[in-house]
Number of protein chains: 2
Amino acid sequence: MTTDLMPNRYVPGEVELPARERELIARRDAVLGASYRLQYRRPVHFVRGQGMWLYDPDGREYLDFYNNVPSLGHCHSEVNQAIAEQAGILSANTRYLEPRLVGYAERLVSTFPLELDRTVFTCTGSESNDLALRIARLASGNEGVIVTTYAYHGTTASVAAVSPNLGDAVKLSPNVRMISLPGPEGIPQGQAADFFEAQVKAAVHDLQRRGTGVAALLMDSIFSSDGVWVDPPGFIDRGVEAARSAGALYIADEVQPGFGRTGQHMWGFERHGVVPDLVTLGKPMGNGFPIGAVVGRRAPMDKFGATARYSNTFAGNTVGIAAADAVLTVLHRDRILENVLQVSERLRLGISEMAAAYPDVRGVRNAGLFFGIDIGREHLSAAARRKMALDVVNVMRDERVLISTTGANEDTLKVRPPLICEAKHVDLFLEAFKRALERVST
Amino acid sequence: MTTDLMPNRYVPGEVELPARERELIARRDAVLGASYRLQYRRPVHFVRGQGMWLYDPDGREYLDFYNNVPSLGHCHSEVNQAIAEQAGILSANTRYLEPRLVGYAERLVSTFPLELDRTVFTCTGSESNDLALRIARLASGNEGVIVTTYAYHGTTASVAAVSPNLGDAVKLSPNVRMISLPGPEGIPQGQAADFFEAQVKAAVHDLQRRGTGVAALLMDSIFSSDGVWVDPPGFIDRGVEAARSAGALYIADEVQPGFGRTGQHMWGFERHGVVPDLVTLGKPMGNGFPIGAVVGRRAPMDKFGATARYSNTFAGNTVGIAAADAVLTVLHRDRILENVLQVSERLRLGISEMAAAYPDVRGVRNAGLFFGIDIGREHLSAAARRKMALDVVNVMRDERVLISTTGANEDTLKVRPPLICEAKHVDLFLEAFKRALERVST
């Protein structure tokens, strides 16, 4: 058995599948590396997407409440138009002068606090975090990294080594320390900042005793793989200061909360009122086009750049820039953040009603359109709660609504629709969720 | 001064630039990280590309004899059409069943020797090498890596640490060993295999004495950053076997030689008659769309995949797959490899004539459309040769022909046109090269 902590996946032999899917899986297994996983007990099979919907080969539609890459919806025509137009004109690299790259960089940086005024482009969120760690280590002169207990920050060797979420098979760096969050430890909100600060200080102390020092406190402010722990706003601030006092940089991983997912702000860290030293971007930046970035303060970026050359062939190419530029245009013009606030409120109310009616909805947390819904009453065993959450996800998959699980015990539903979600989609989700709870509740 | 070993770059204050470029550079400097470099003493400024040509804002055309990403030419209409069509249909990730991903994986793998029958997609060549090292380390149980003296394999922390080409500012891993190539050491071709085997054996022995063992021998078979050392075919074979005897995997970095650049073969390693354990792909795979891959033998891929989950959000998305699929279609249908053979022969003859006429053309080597041309007579100092090569490159840039430098002393011209290059482009290049030699020769 794998120990890769991805419970919501297809396990060969566990379910009967139709011939079409069986055959496609056999072909996949014969040619793709064994490190691939298929989501859901019964894998989904898609050939078309549009807006909030994905379609299987028989034309059946699935409501997408999970994918945070196509933030503006699947196959957004304006973003695609921008890609097609620019691809026909020029796809230049960053070693040539090209005005579009500079214009977008200015536009991107203008969405950040003034202190964050430099950017470097990458192709993926993993590359962004990998580069941010390189910068933090060079700028601080230290090696240690502090992350949360179930953090996931990406797939490169350096970043996987600070991603405990990948499971026992992927070795952690000797220089990483994991800290607990106040929420999952049951700490009252009034003591959350104290608790978090103490956690950071203990990790700093331990790393300093080993002589490695602390290069970075690396966090996703939604704490998505820890189970979505968003409150109280500001609880990270003194912990961040404690890390900084030790010479570390605070790297805000905005791959999950960034580009308006929280509704109130463009960037997740703003919710906590703390300005990071480096910010890493990925997933929704190009609505699916592979583009990411590091945005940062001038001092560490300059210190790194003075001696280290960073040339990422595809990153910042003019076509990716055109896609990302179109995303910003649509986000602003269509007032996507306002939509997130409105629609997430309707979703929160609906889930809260469900929580009142079904004791197996143990808790609900959200920041904008990123929801964590804890499943299984308190008295159930961890294994029983995990199974129930997995049952909910897979009943909903059979109802053709896509979500998944997260958290230390993977008993938290991860609900994360594209940001163009409307009231009618929320209602469809809530109806399916209610039917799933009827089916699996104790 | 930087120690990043990139001599062919813009240095502020060294040249007078027109106001338009001065202003764009000032805007770049104000918003982009300092790790960016501009190529050429006078940076080039492009707003459009087509086929073999790039165009500046005044409509002046530059002949591209350098870019190996747009292998089929800038703004290839069929590849762009494939991207636009698929972007309008679906951009799915690999956790969902989707037939196009599987079909392309089968097609890609069919271009390799039978032993190499598994693939995992990435977004960049750096991610490919990073993943290949993760696989090699897990499969071998060892940590050490052997690379050539001036190797460059990418930008992630793990890969930069085995890329001595990045210069002193980027720390090397304590577990990497650099080996010399027979060519730059002046070893006669008849002794090249012996020399190379001895180099590998010494590195293996040293790594074993440290207790780290050898996970990988990682090489680009064109040895592009070492100065383009391609002959004699087969000289690497016993060195590869020596590494394998120590439990290491041979990783062929095909980012430079792959997808037909050598003309004789689809893959550079075929020229040496050795089948690698893992192969890494990047740059030309999508003609500019960010896509890469690791192709490998079943045993190491299975061993890695059995425990490690590797989920790269953008990698293998249906749009990138469509781009890569179109590239393979065009490569086959338009008989690009045959064109490479024909055109490279014309180019080789032309450069050889120049070498006969100009003693400052010290040597010429090529495999298909990847040329290394050594500049500066033997008796000149290394610094004088380097300056002369840089002068040639920059005179040619002013003549609007794009090439650059490579090699330990950066006195080797790196000439690497898109593979659609025709006889008329070769003639234009040769004329400009002749004029440049007239200008800079001693």
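Chain A goes by Aspartate aminotransferase family protein in an unreviewed UniProt entry, where it is assigned to Pannonibacter anstelovis. Comment text from UniProt for chain A, heading Sequence similarities (unreviewed entry), reads "Belongs to the class-III pyridoxal-phosphate-dependent aminotransferase family." The record held by UniProt for chain A lists under Cofactor (unreviewed entry) the comment "pyridoxal 5'-phosphate".

1. Some words on the sheet that holds strand E13 (residues 401-402) of chain A
For sheets, the rule is that strands pair by backbone hydrogen bonds, running either parallel or antiparallel. Residue and element names in this part refer to chain A. Taken in spatial order, the four strands line up as E1-E2-E3-E13 in an open sheet, and their pairing is mixed. At either end of the open sheet lies a strand with only one pairing partner, and these are strand E1 (48-50) and E13. Examined bridge by bridge, strand E3 (residues 61-64) and E13 share two bridges and lie parallel to one another. Counterpart to Leu 63 in the pairing with E13 is Val 401. Where helix H12 (residues 423-440) meets the sheet, its contacts fall on strand E2 (53-55), E3 and E13, and the angle it forms with E3 comes to roughly 100 degrees.

2. Digging into the pattern of salt bridges
Residues and elements named next belong to chain A. Taken as a whole, this structure holds 68 salt bridges over all chains when the rule is applied. Residue Asp 117 is joined to Arg 118 by a salt bridge in which the shortest nitrogen-to-oxygen separation is 3.5 Å. Taking the shortest distance from any N to any O, the salt bridge between Arg 333 and Asp 334 comes out at 2.8 Å. On the basis of relative accessibility, which here comes to 45%, the residue Arg 333 falls in the partly exposed class. Judged by its relative accessible area of 37%, Asp 334 is partly exposed. One network of salt bridges, with partners in common, ties together Arg 20, Glu 21, Asp 56, Asp 58 and Arg 60.

3. Considerations on the domain arrangement of chain A
Residues and elements named next belong to chain A. Partitioning chain A into domains gives domain 1 (19-74 + 335-440) and domain 2 (77-333). Here the C-alpha centroids of domain 1 and domain 2 sit 25 Å apart. Here domain 1 meets domain 2 over a buried area of about 2,300 Å², counting both sides, of which 60% is carbon and sulfur. Together, Leu 72, Leu 337 and Phe 370 form the three largest contributors to the area buried by domain 1 at its contact with domain 2, with a combined 26%. Linking domain 1 with domain 2 are 17 residue pairs in polar contact (both at pLDDT 80 or more), by the criterion used here. Elements supplying a minimum of two residues to the side of domain 1 that touches domain 2: helix H10 (336-357), strand E11 (361-367) and strand E12 (370-375). Counting residues per element, the side of domain 1 that touches domain 2 draws most heavily on H10, which supplies four residues. Classifying every residue of the side of domain 1 that touches domain 2 by side-chain character gives 15 nonpolar, 10 polar and three charged.

4. A closer look at the relation of the copies chain A and chain B
Mapping chain A onto chain B calls for a rotation angle of 180 degrees and an axial translation of 0.0 Å; the resulting RMSD is 0.0 Å. The two molecules are tied by a two-fold rotation axis, judged by turn and shift. Interface residue correspondence from chain A to chain B reaches 99%, placing this contact among same-surface, isologous pairings.

5. A closer look at helix H2 (residues 77-87) of chain A
Those residues of H2 of chain A lying buried are Val 79, Asn 80, Ala 82, Ile 83, Gln 86 and Ala 87 of chain A. Down the axis of H2 of chain A, the sector holding all buried residues measures 155 degrees, keeping them to one side. The inward-facing, buried residues of H2 of chain A contact helix H3 (99-109) and helix H9 (318-333) of chain A together with helix H2 (77-89) of chain B.

6. Brief notes about unusual backbone geometry
Residues and elements named next belong to chain A. With omega at -5 degrees, the peptide bond leading from Asp 231 into Pro 232 counts as cis. Looking at where Pro 232 falls in the secondary structure, it is placed in the loop between strand E7 (214-219) and helix H7 (237-245). Positioned with a positive phi, Arg 335 is a non-glycine residue whose angle comes to about 45 degrees. Counting through the fold element by element, Arg 335 comes out in the loop between H9 and H10. The exposed category is assigned to Arg 335, whose relative accessible area is 54%. Phi is positive for Glu 410, close to 50 degrees, though the residue is something other than glycine. If you trace the backbone, Glu 410 turns up in the loop between strand E14 (404-406) and strand E15 (412-415).

Reading the values: rules and limits
Residues numbered from 1 in each chain as written. Chains lettered and ligands numbered in written order. Predicted model: local features only at pLDDT ≥ 70, side-chain atom pairs only at ≥ 80, totals over all residues. Heavy atoms only, no water. UniProt positions renumbered as here; feature names shortened; annotations may be inferred. Pairing = 2+ DSSP bridges. Helix = DSSP H or I, 4+ residues; strand = E, 2+ residues; numbered from the N terminus. Contact = heavy atoms within 4.5 Å. Axes fitted to C-alpha atoms, helices over the stretch in contact; angles between N-to-C directions. Salt bridge = Lys/Arg side-chain N within 4 Å of Asp/Glu carboxyl O. Buried < 20%, exposed > 50% of the residue type's maximum accessible area, 1.4 Å probe, protein only. Domains from an automatic or database assignment. Buried area = accessible area lost by both parts, 1.4 Å probe. Polar contact = N/O pair within 3.5 Å; in protein donor to acceptor, adjacent residues only side chain to side chain. Nonpolar A, V, L, I, M, F, W, Y, C, P; charged D, E, K, R; others polar. Least-squares fit on C-alpha atoms with pLDDT ≥ 70 in both. Arc of directions from axis to C-beta.

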